[in-house]
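Observations on the three-dimensional arrangement
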Amino acid sequence: MARRLTPWRWAVLGLAALYFLVPLTASVIFTVDVPGQGVTFDAYTRILSTEGFVSSLLLSLELAVATIALVLLLTVPAVVALRLGAPRMRPVVEVVCSLPLVVPPIAFVAGIVTALKWGPEHLSRTPLFQTFVVIQNENFPVVLVLAYVVMALPFVYRALDAGLRSIDVGTLVEAARSCGASWPQALVRAVLPNLRGALLNASFLTLALVLGEFTVAQLLGFRPFAVWIYNVGGSQAQMSVAVSVLSLLVTWALLLALAGAGGGRTRTASSRG
C-alpha cells in the first residue's frame, strides 16, 4: 500500500511546490528584470538605505517579542491549569480562543477604535486617561501588542494543547511537588522543558503573524514593517516586491531552523533512550 501511494505523494508535493515556487519565481524575476537595463539587483541593494526600512523592521520585531512574551505568559499557565484541574472546561476555552478566527479584522479594529475613543471622552479627568495616551505611542504602540495577542490566541492555544497532549502533565507536576517544588517551580522546571517544541511552534506562529499583519496596524495609523512595504509599493513597486521576497525567505529560514532544532532534539532523545 505504501508503494502504491508513493507516486501520488510525489505528485501532491510537486503540485504544492509549483503552487508556491511559481509566484515566488515570478516575483524574483520582476525585481531583477528592468526593461532597458537587463538583469540588475538594485532593488535589493537599495533596501537598507531606504527611509523607514530599519525603523519599521525594528518596530515589528519589538512588537513580536512583546507579543510572544505576553501571549505565552497568559496561555501557558492557563492551559496547564486547565489540563490539571478543569478538563471539562477545555471545550469552552477552545471556543473562546478560536473566536478571533471568526471575527473579521475590520470589525475587530472598529471595536478597538471605539474603545480608544471612549477613554478620552469619559476618562479625560481621571489618571486612566494617560493610559490611553501611552498605549498609542507611535514609538511602541502597546495597543498593537494587545491586538496581536488576541489574534495569536488560536494558534498559540492549538500549539500548546498539542504539546500538552504528548506529555503526562499530572505525573510531572506530582513528581516535582513530591520533591518539594512549589507550583511555579514545578511549572518552570518540570513542565516547560517538555513543552520546548510547542513553545517554539507558538513563538514562530506569533512572529509570522506580527511580521505579516497589515489591516489592524494600517487602520489604527501605525507603521510597522507590513505597512511600510505597502507604502513603498505605491512609489517603488520593485523594491516592495524585493522586500516581500526577502521577508518570505527569512520566514522560511526560521521555519527550517525550527524544524531542524526539533528534529535534532528528537534524535538526541531517541539516542539517550
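First, a word on scope: everything that follows refers to the structure included in this document. Here the structure is a predicted model, which means the values were calculated and not measured.

1. With respect to the packing of aromatic side chains
Across all of its chains, the model carries five aromatic pairs by this definition. The interplanar angle of 70° and the centroid separation of 5.9 Å between the aromatic rings of Phe53 and Phe225 together place this pair among those described as edge-to-face. With Phe53 in helix α3 (residues 53-85) and Phe225 in helix α12 (residues 225-233), this residue pair connects regions lying 172 residues apart in the sequence. On the accessibility criterion, Phe53 (10% relative accessible area) is buried. In textbook terms, an aromatic cluster arises when at least three aromatic residues are bridged by ring pairs, as seen for Phe53, Phe225 and Trp228.

2. Some points on a nonpolar patch on the surface
A cluster of nonpolar residues, Met89, Val92, Val95, Val96, Leu99, Leu101, Val102, Val103, Phe155 and Leu205, forms a patch on the protein surface that exposes about 870 Å² of accessible area. For the nonpolar patch, the element with the most residues is helix α4 (residues 90-102), which contributes six residues. By the secondary structure assignment, Val96 is in helix α4.

3. Some words on the nonpolar core
In a soluble, globular protein the nonpolar side chains are often hidden away together inside. Ranked by size, the top nonpolar core spans 51 residues in total, and within it Leu72, Leu144, Tyr148 and Leu220 carry the most contacts. Within the residue set of this core, elements represented by two or more residues are α3, α5 (105-123), α7 (142-165), α8 (169-178), α9 (183-191), α10 (196-212) and α11 (215-220). Here this core takes 13 residues from α7, the largest share from any one element. With near-sequence residues (within four places) excluded, Leu144 lies in contact with Leu63, Val216, Ala217, Leu220 and Phe222. In terms of nonpolar packing, the next biggest core, distinct from the first, is built from 14 residues, Val32, Phe225, Val243 and Val245 among them.

4. Examining the packing of α7 against α10
Orientation of α7 relative to α10, taken along the N-to-C sense of each, is 155°, at an axis distance of 8 Å. Judged on the interaxial angle alone, α10 and α7 are roughly antiparallel. Viewed along their axes, α7 and α10 form a crossing whose handedness is right-handed. Seen from α7, the contacting residues are Tyr148, Met151, Ala152, Phe155, Val156, Ala159, Leu160 and Gly163; seen from α10, they are Ala198, Leu199, Asn201, Ala202, Leu205, Thr206, Leu209 and Val210. Here the residues of the contact of α7 with α10 sort into 13 nonpolar, three polar and no charged.

5. Points about the pattern of salt bridges
By the definition in use, this model includes four salt bridges. The shortest N-O distance in the salt bridge between Arg90 and Glu94 comes to 3.9 Å. Pair noted here: Arg90 and Glu94 are both in helix α4, with a separation of four residues, about one helical turn. Glu94 sits in the buried class, given a relative accessible area of 18%. Note that Arg90 is salt-bridged to Asp161, the shortest N-O span being 2.9 Å. With Arg90 in helix α4 and Asp161 in helix α7, this pair connects stretches of sequence that are 71 residues apart. When its relative accessible area of 22% is taken as the criterion, Arg90 is described as partly exposed. Salt bridges sharing partners connect three or more residues here, namely Arg90, Glu94, Arg158, Asp161 and Arg165.

Scoring rules and cut-offs
Residues numbered from 1 in each chain as written. Predicted model: local features only at pLDDT ≥ 70, side-chain atom pairs only at ≥ 80, totals over all residues. Heavy atoms only, no water. Phe/Tyr/Trp six-rings, centres within 6.5 Å; stacked < 30°, edge-to-face > 60°. Helix = DSSP H or I, 4+ residues; strand = E, 2+ residues; numbered from the N terminus. Buried < 20%, exposed > 50% of the residue type's maximum accessible area, 1.4 Å probe, protein only. Patch = residues over 30% accessible without salt bridge, like charges linked within 9 Å, V, L, I, M, F, W, Y side chains within 5 Å. Areas by Shrake-Rupley, 256 points an atom, 1.4 Å probe, with all protein chains shown as cover. Salt bridge = Lys/Arg side-chain N within 4 Å of Asp/Glu carboxyl O. Core = buried A, V, L, I, M, F, W, Y, C linked by side-chain atoms within 4.5 Å. Contact = heavy atoms within 4.5 Å. Axes fitted to C-alpha atoms, helices over the stretch in contact; angles between N-to-C directions. Parallel < 35°, antiparallel > 145°, perpendicular 65-115°, else oblique. Left-handed = near helix turned anticlockwise from the far one by under 90°. Nonpolar A, V, L, I, M, F, W, Y, C, P; charged D, E, K, R; others polar.

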